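Residue strings, one per chain:
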There are 2 protein chains.
Amino acid sequence: MNFCSHCGQPVTLRVPEGDHRPRYVCSACGTIHYQNPKIVAGCVPEHDGRILICRRAIEPRRGYWTIPAGFMENGETTQDAARRESLEEALADVEIGSLLAVVHVLHANQVHVMFRARLAKPEFGAGEESLESILCPEEQIPWSEIAFRSVDFALRRYLEDRRAGVERHHFTALDLRPPAGR
Amino acid sequence: MNFCSHCGQPVTLRVPEGDHRPRYVCSACGTIHYQNPKIVAGCVPEHDGRILICRRAIEPRRGYWTIPAGFMENGETTQDAARRESLEEALADVEIGSLLAVVHVLHANQVHVMFRARLAKPEFGAGEESLESILCPEEQIPWSEIAFRSVDFALRRYLEDRRAGVERHHFTALDLRPPAGR
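Scoring rules and cut-offs
Residues numbered from 1 in each chain as written. Chains lettered and ligands numbered in written order. Predicted model: local features only at pLDDT ≥ 70, side-chain atom pairs only at ≥ 80, totals over all residues. Heavy atoms only, no water. Phe/Tyr/Trp six-rings, centres within 6.5 Å; stacked < 30°, edge-to-face > 60°. Helix = DSSP H or I, 4+ residues; strand = E, 2+ residues; numbered from the N terminus. Lys NZ or Arg CZ within 6 Å of the ring centre and 35° of its normal. Pairing = 2+ DSSP bridges. Buried < 20%, exposed > 50% of the residue type's maximum accessible area, 1.4 Å probe, protein only. Polar contact = N/O pair within 3.5 Å; in protein donor to acceptor, adjacent residues only side chain to side chain. Salt bridge = Lys/Arg side-chain N within 4 Å of Asp/Glu carboxyl O. Contact = heavy atoms within 4.5 Å. Buried area = accessible area lost by both parts, 1.4 Å probe. Least-squares fit on C-alpha atoms with pLDDT ≥ 70 in both. Expected span 1.5 Å × (residues − 1).

Colleague: Where do I start with the packing of aromatic side chains in this structure?
Modeller: Here a ring pair, both rings aromatic, is described through the centre-centre distance and the interplanar angle of the planes. Within the structure shown, the criterion is met by two aromatic pairs over all chains. Here the aromatic rings of F115(A) and F171(B) are separated by 5.6 Å at their centres, their planes lie at 55 degrees, and the arrangement is tilted. Taken together, the residues F115(A) in strand β9 (residues 110-119) and F171(B) in strand β11 (residues 170-174) connect one chain to another. The ring of W143(A) carries the charged tip of R156(A) above its face, separated from the ring centre by 4.1 Å. R157(B) extends its terminal NZ or CZ atom over the ring of F153(B), reaching a point 4.8 Å from the ring centre.

Structure follows, in structure tokens:
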């Protein structure tokens, strides 16, 4: 951030009065520009015991496998967002179920919120951001080609819970920041 | 948003190529400025059966009662944020427990994430953003003077679950947008 989005003048990084952290503050109009984590919402859609996964057509991690997930938009719920991403990325009309995982991705300033989901009919495809989508049996999940650690976490917890016959939710944090940045 | 925070030139609101929603796009450098919901993290701290609540010293809703809660910062987890807010607003060192509530506040583009919490010792006070803090028995909670609907929701679910001897989590959405904005 170099300029104030309100008035267009340069910003400086400093701790505002009464605050504890450096913020981008406008040198002209004084607007404080807070920066906060973004939510990524997604789901693990199941149909007939198999899991719907998508191979990414875009960077980062083009060619690797993921579950439908993406940035939550203003004006929607996390469930809305997970359902929308399934439609966009896998052309799949899913029913969102219980909360599965919350992954704090500290190096990316993101919170990934993953739900269980059900795909009523085996109808799906490759959206613009996907090379292909498949309904994958548990034993064929390409673990070495999963795009993101949060997706690996969500899939593993999903399968563990399914085997145990429970629907828990799981919090975790991932932190790949250099030690000085912590 | 009027100007590009990257280069300082004017932005226009338009649907970028390959996108479905209007975004602020820089007329000069082309940067797309996405706007996403912000997370507010908070908790319901309990000590000896009583609930720690704070009377707000700042707008919005100055003078009304709330639980410790505030905007999540980059580099922390939602639990970190709830604990930090308890320290800042109520000078209370709490231990964060299970997930209590996720409230999608659609008119404010916020997601409120509330946890159960335990205040080991009855030590607390009024932080800079609070007029006072109290440990409040259930029957004395000032329901008509609660600052926010999400706080009302979290407190009611907390007390219901406590009576039932369970620790569930509860999703809901609040939407005070005018119909045209939906």
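Structure shown, so let's carry the discussion forward.
Colleague: What is the right way to read the sheet that holds strand β2 (residues 23-26) of chain B from this model?
Modeller: As a general point, the strands of a sheet are linked pairwise by backbone hydrogen bonds and lie either parallel or antiparallel. The strand order across the open sheet formed by three strands is β1-β2-β3 (chain B), and the pairing between neighbours is antiparallel. Each having just a single partner strand, β1 (11-14) and β3 (32-33) of chain B make up the two edges of the open sheet.

Colleague: Honestly, the side chain of S150(A) in this entry has me stumped. Any pointers?
Modeller: Residues and elements named next belong to chain A. Relative to the helices and strands, S150 resides in helix α2 (residues 149-164). Its relative accessible area of 3% is what places S150 among the buried residues. Side-chain polar atoms of S150 contact the side chain of H112, separated by 2.7 Å.

Colleague: Can you walk me through the pattern of salt bridges in this structure?
Modeller: One side chain can pair with another of opposite charge once the charged atoms of both are near each other. Counted under the stated rule, the structure contains 34 salt bridges over all chains. Among the salt bridges present, the one from E73(B) reaches R23(A), with a minimum N-O distance of 2.6 Å. One end of the pair, E73(B), is in the loop between β7 (69-71) and α1 (78-90); the other, R23(A), is in strand β2 (residues 23-26), on a second chain. Of the two residues, E73(B) and R23(A), neither departs from the other in class, the shared state being buried. R156(A) is paired through a salt bridge with D152(A); the nearest N and O atoms lie 2.7 Å apart. Residue R156(A) and its partner D152(A) are located together in helix α2, separated by four residues, close to a single helical turn. In this structure, a network of salt bridges that share partners links the residues D19(A), R21(A), R23(A), E73(B), E76(B), R84(B), E85(B) and E88(B).

Colleague: Please clarify how the interface of chain B and chain A should be interpreted in this entry.
Modeller: The figure often quoted for interface size is the accessible area lost as the parts come together. Listed by partner, the interface residues are 40 residues for chain B and 40 residues for chain A. Together chain B and chain A conceal approximately 3,400 Å² of surface at their shared face, both sides included; 50% is due to carbon and sulfur atoms. Summed over the three residues of chain B that lose the most area to chain A, namely S5(B), E73(B) and N74(B), the buried surface amounts to 17% of that side. Taken together, the connections running from chain B to chain A amount to six salt bridges. Remark: the boundary between chain B and chain A carries 17 residue pairs in polar contact (both at pLDDT 80 or more). Elements with a minimum of two residues in the side of chain B that touches chain A: β4 (38-47), α1, β8 (94-105), β9 (110-119) and β11 of chain B. Here the element with the most residues in the side of chain B that touches chain A is α1(B); it accounts for four residues.

Colleague: Whenever I open this one, the relation of the copies chain B and chain A confuses me. Can you help?
Modeller: Put simply, the second copy of the chain is the first one after a rotation about an axis and a shift along it. Once chain B has been moved 0.0 Å along the axis and rotated by 180 degrees, it coincides with chain A to within an RMSD of 0.0 Å. Taken together, the rotation and translation relating the two chain copies correspond to the operation of a two-fold axis. Residue by residue, 100% of the interface of chain B is reproduced at the interface of chain A, so both copies engage with the same surface.

Colleague: Please clarify how helix α2 (residues 149-164) of chain B should be interpreted in this entry.
Modeller: Given 3.6 residues per helical turn, the α-helix brings residues three or four places apart onto the same face. Residue and element names in this part refer to chain B. When the terminal C-alpha atoms of α2 are compared, their 22 Å separation across 16 residues agrees well with the 22 Å that a helix rising 1.5 Å per residue should span. Turning to α2, its buried residues number three or more, namely S150, V151, D152, F153, A154, L155, R157, Y158, L159 and D161. The secondary structure elements touched by the buried residues of α2 are β4, β5 (50-56), β6 (65-66), β8, β9 and β11. Backbone geometry just downstream of α2 places G165 in the positive-phi region, at approximately 70 degrees.

Colleague: In this structure, what is going on with unusual backbone geometry? I would like to understand it.
Modeller: What you tend to see is this: most non-glycine residues have negative phi, and most peptide bonds are trans. Residue and element names in this part refer to chain A. Cis geometry is found at the peptide bond from E59 to P60, where omega equals -5 degrees. For P60, the position within the fold is in the loop between β5 (50-56) and β6 (65-66). A positive phi angle, close to 70 degrees, is found at R61, a residue other than glycine. Tracing the chain through its elements places R61 in the loop between β5 and β6. Look at R61 and you get partly exposed, because its relative accessible area is 33%.

Colleague: Please explain the pairing of β5(A) as it appears in this structure.
Modeller: Consecutive side chains of a regular strand alternate in pointing toward one face of the sheet and then the other. All names here are of chain A. Burial analysis of β5 places five of its seven residues in the buried class, the great majority of the element. Pairing of strand β4 (residues 38-47) with β5 involves two bridges; the strand directions are antiparallel. Each residue of the ladder has a partner; that of H47, found in β5, is R50. Hairpin remark: β4 followed by β5, antiparallel, with two residues in the connecting loop; positive phi at D48, about 55 degrees. Examined bridge by bridge, β5 and strand β10 (residues 130-136) share six bridges and lie antiparallel to one another. Bridge assignment links R56 to a residue of β10, and that residue is S130. Note: β5 against β6, two bridges, orientation antiparallel. Paired with R55 across the strands is W65, a residue of β6.

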